[in-house]
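A structural walkthrough
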Amino acid sequence: MLRLASVGSGSKGNATLIASSTTTLLVDCGFTVKELIARLEKLAVAVDQIDAILVTHEHGDHIAGIAAASRAARAPVFATHGTVQSGRLESSFSVTEITSDSVFEIGDIEINAITVPHDAREPVQFRFQSDSCSIGVLTDLGSITPHVSRGFSDCELLLLEFNHDLNQLRQGPYPASLKRRVAGDYGHLNNQQAMTLLEQLSERPPKVVVAGHISEQNNSLEQVATLLEGWAEPLGSQIVYASQTDGFDWLAP
Ligand SMILES: [Zn+2]
Ligand SMILES: [Zn+2]
């Protein structure tokens, strides 16, 4: 059985834990090591319990704390060639390059690194499998490609980006260039795009959906909840919201 917990989710820092009974993985770390350790404590995890660290891409809210976290945990870092080339992993405990869209194992967890459309060098998002349980973590993508919807189908638990409400982004305080970036095909998912993916997955919908990477400027929990709860109710799925300050506690599908 796999479990997932969020250390924090949003543009000021992301980190997610995936654990089986014998293996604990950290996905991304946009927090300082001090902040990470304090937040891990709330989830009853000691930093040296982390067996490996996976990096999705080199944006600061995902990579800023990776090297220091890997030294504190004495854990290897796994990242694509493009992410390694960013130079932001150089002082890590150790770095192993992974190939986009490959499947590999760490402990008893099988990991699929799935290519996503996002404005980084070689971004991937991850899907985890152990026994018959699968969990997907899918944030930081500007559009839903057929490759993405295939790659994340049949997950029992899906952490999915609900970054912005398109109208709120358009009317909001961001400069025009940043609005174009966020709303573009290589930016972030808006609420409607995230719902479109869930509709595509409706044949075998996730039992638990975690809404994450929610913009504090350009979105509201109320809007996300209205959309998601309408979707979840007839299916009996559970909805959880990942926050920037608190993430969320351990969940199992
Ligand atoms: Zn991000
Ligand atoms: Zn990003």
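Look above for the structure.
We now turn to the structure provided with this report. (Residues numbered from 1 in each chain as written. Chains lettered and ligands numbered in written order. Predicted model: local features only at pLDDT ≥ 70, side-chain atom pairs only at ≥ 80, totals over all residues. Heavy atoms only, no water.)

1. Some words on the overall build of the chain
Applied cut-off: A run of H or I in DSSP counts as a helix once it spans at least four residues, and a run of E counts as a strand once it spans at least two, with each numbered from the N terminus. Note that the radius of gyration is over C-alpha atoms, with the globule rule given as 2.2 Å times the number of residues to the power 0.38. Relative accessibility thresholds used throughout: buried, under 20% of the residue-type maximum; exposed, over 50%; partly exposed, between the two (1.4 Å probe, protein chains only). Each accessible area is a Shrake-Rupley result for a 1.4 Å probe, and residues are judged covered by the shown protein chains and nothing else.
On a plain count of helices and strands, the chain comes out with nine helices and 14 strands. For the chain, the C-alpha radius of gyration of 17 Å lies close to 18 Å, the compact-globule estimate for 253 residues. For the C-alpha atoms alone, the extent of the chain along its principal axes is close to 45 × 40 × 35 Å. Across the 253 residues that make up the chain, the buried fraction comes to 58%. Roughly 10600 Å² of accessible area belongs to the chain as shown, and the carbon and sulfur atoms make up 48% of that amount.

2. Some thoughts on the sheet that holds strand E14 (residues 248–251)
To be explicit about the condition: Pairs of strands are assigned from DSSP output, requiring at least two bridges between the strands. Simply put, an axis is a line fit to the C-alpha atoms, just over the touching stretch for a helix, and the angle between two N-to-C directions goes from 0 to 180 degrees. When checking whether two residues touch, look at their non-hydrogen atoms; a contact exists if any pair is within 4.5 Å.
A sheet is described by the order of its strands in space; here seven strands give the open sequence E6-E5-E4-E3-E2-E1-E14, paired in mixed fashion. Both outer strands of the open sheet, strand E6 (95–98) and E14, are each paired with one neighbouring strand and no more. Across the sheet, the mean angle from the axis of one strand to that of its neighbour is 25 degrees, orientation sign disregarded. One ladder, built from five bridges, connects strand E1 (residues 3–8) with strand E2 (residues 15–19); its direction is antiparallel. Within E2, the residue paired with serine 6 across the bridge is threonine 16. Across the sheet, helix H1 (residues 33–42) is in contact with E1, E2 and strand E3 (24–27); its angle to E1 comes to roughly 135 degrees.

3. Some points on the environment of lysine 42
Relative to the assigned elements, lysine 42 resides in helix H1. Separated by 206 residues in sequence, lysine 42 and phenylalanine 248 have C-alpha atoms that sit 9.9 Å apart.

4. Here we look at the coordination of the zinc ion (ligand 1)
Rules: Counted as coordinating are nitrogen, oxygen and sulfur atoms within 2.8 Å of the metal, or 3.2 Å for Na, K and Ca, while water is not included, which may make sites look incomplete. Geometry assignment treats four donors as tetrahedral when all angles are between 85 and 135 degrees, treats four as square planar and six as octahedral when opposite donors are over 155 degrees apart and all others between 65 and 115, and treats everything else as irregular.
Every protein donor of the zinc ion (ligand 1) is listed here as Asp61 (OD), His62 (NE2), Asp140 (OD) and His213 (NE2), and their distances to the metal cover 2.2 Å. The coordination sphere of the zinc ion (ligand 1) comprises four donor atoms, whose angles at the metal cover 89 to 158 degrees; the geometry is irregular. Sequence positions of the donors to the zinc ion (ligand 1) reduce to the motif D-H-x77-D-x72-H. Metal-to-metal, the separation of the zinc ion (ligand 1) and the zinc ion (ligand 2) is 3.7 Å; aspartate 140 coordinates the two.

5. Quick look at the packing of aromatic side chains
The cut-off we apply is this: Ring geometry is summarised as follows: Phe, Tyr and Trp rings, the Trp one being its six-membered ring, pair when their centres sit within 6.5 Å, and such pairs are stacked at plane angles under 30 degrees, edge-to-face over 60 and tilted between the two. To sit over a ring, a charge needs its Lys NZ or Arg CZ within 6 Å of the ring centre and within 35 degrees of the ring normal.
Within the structure shown, the criterion is met by two aromatic pairs. Between phenylalanine 78 and phenylalanine 104, the aromatic rings sit 6.0 Å apart at their centres with planes inclined by 10 degrees, giving stacked as the arrangement. Note that phenylalanine 78 is positioned in strand E5 (residues 77–80) and phenylalanine 104 in strand E7 (residues 103–106), a separation of 26 residues in sequence. Of the two residues, phenylalanine 78 and phenylalanine 104, neither departs from the other in class, the shared state being buried. Across from the ring centre of tryptophan 250, 4.1 Å away, lies the NZ or CZ of arginine 3, which sits over that ring.

6. What to know about the environment of valine 45
Tracing the sequence through the fold places valine 45 in the loop between H1 and strand E4 (52–54). In sequence terms valine 45 and leucine 17 are 28 residues apart; their C-alpha atoms lie 9.5 Å from each other. Ignoring any residue separated from it by four or fewer positions in sequence, one finds valine 45 in contact with Leu17, Leu40 and Trp250.

7. Quick word on the nonpolar core
How we decide: Joining through side-chain atoms within 4.5 Å is the link that ties buried Ala, Val, Leu, Ile, Met, Phe, Trp, Tyr and Cys residues into a set, and such a set is a nonpolar core.
Ile18, Leu54, Phe126 and Phe128 are the most contacted members of the largest nonpolar core, which totals 28 residues. What isoleucine 18 contacts, discounting residues up to four positions off in sequence, is Leu2, Arg3, Leu4, Thr23, Thr24, Leu25, Val27, Ile109, Phe128, Ile135 and Val137.

8. Brief notes about the coordination of the zinc ion (ligand 2)
Surrounding the zinc ion (ligand 2) are the protein donor atoms His57 (NE2), His59 (ND1), His118 (NE2) and Asp140 (OD), which sit 2.2 to 2.4 Å from the metal. Metal-centred angles of 92 to 169 degrees between the four donor atoms at the zinc ion (ligand 2) mark the site as irregular. In the primary sequence, the donor residues of the zinc ion (ligand 2) line up as H-x1-H-x58-H-x21-D. The class of aspartate 140 is buried, set by a relative accessible area of 1%.

9. Re helix H8 (residues 191–200)
Each full turn of the α-helix corresponds to 3.6 residues, which orients residues three or four apart in the same direction. Note the cut-off: Here, the arc refers to the directions that run from the helix axis to the C-beta atoms.
Among the residues of H8, Asn191, Ala194, Met195, Leu197 and Leu198 are the ones counted as buried. Across the axial projection of H8, the buried residues extend over an arc of 155 degrees, all falling on one side. In this structure, the buried side of H8 is in contact with strand E10 (133–138), helix H5 (146–151), strand E11 (157–161), strand E12 (208–212) and helix H9 (221–235).

10. Describing the pairing of E10
Threshold: Crossovers are marked right-handed if the path from the first strand over the helix to the second runs clockwise, as seen with the strands pointing away from the viewer.
Burial analysis of E10 places six of its six residues in the buried class, which makes it a mostly covered element. On E10, burial covers both faces: Cys133, Ile135 and Val137 on one face and Ser134, Gly136 and Leu138 on the other are all buried. Here strand E9 (residues 124–130) pairs with E10 via five bridges, running antiparallel. Following the sheet pairing, serine 130 is matched in E10 by cysteine 133. Linking E9 to E10, which pair antiparallel, is a turn of two residues; within it aspartate 131 sits at a positive phi near 50 degrees. With four bridges connecting them, E10 and E11 associate as parallel partners. Directly across from isoleucine 135, in E11, lies its bridge partner leucine 157. This β-α-β element, E10 to H5 to E11, shows right-handed connectivity.

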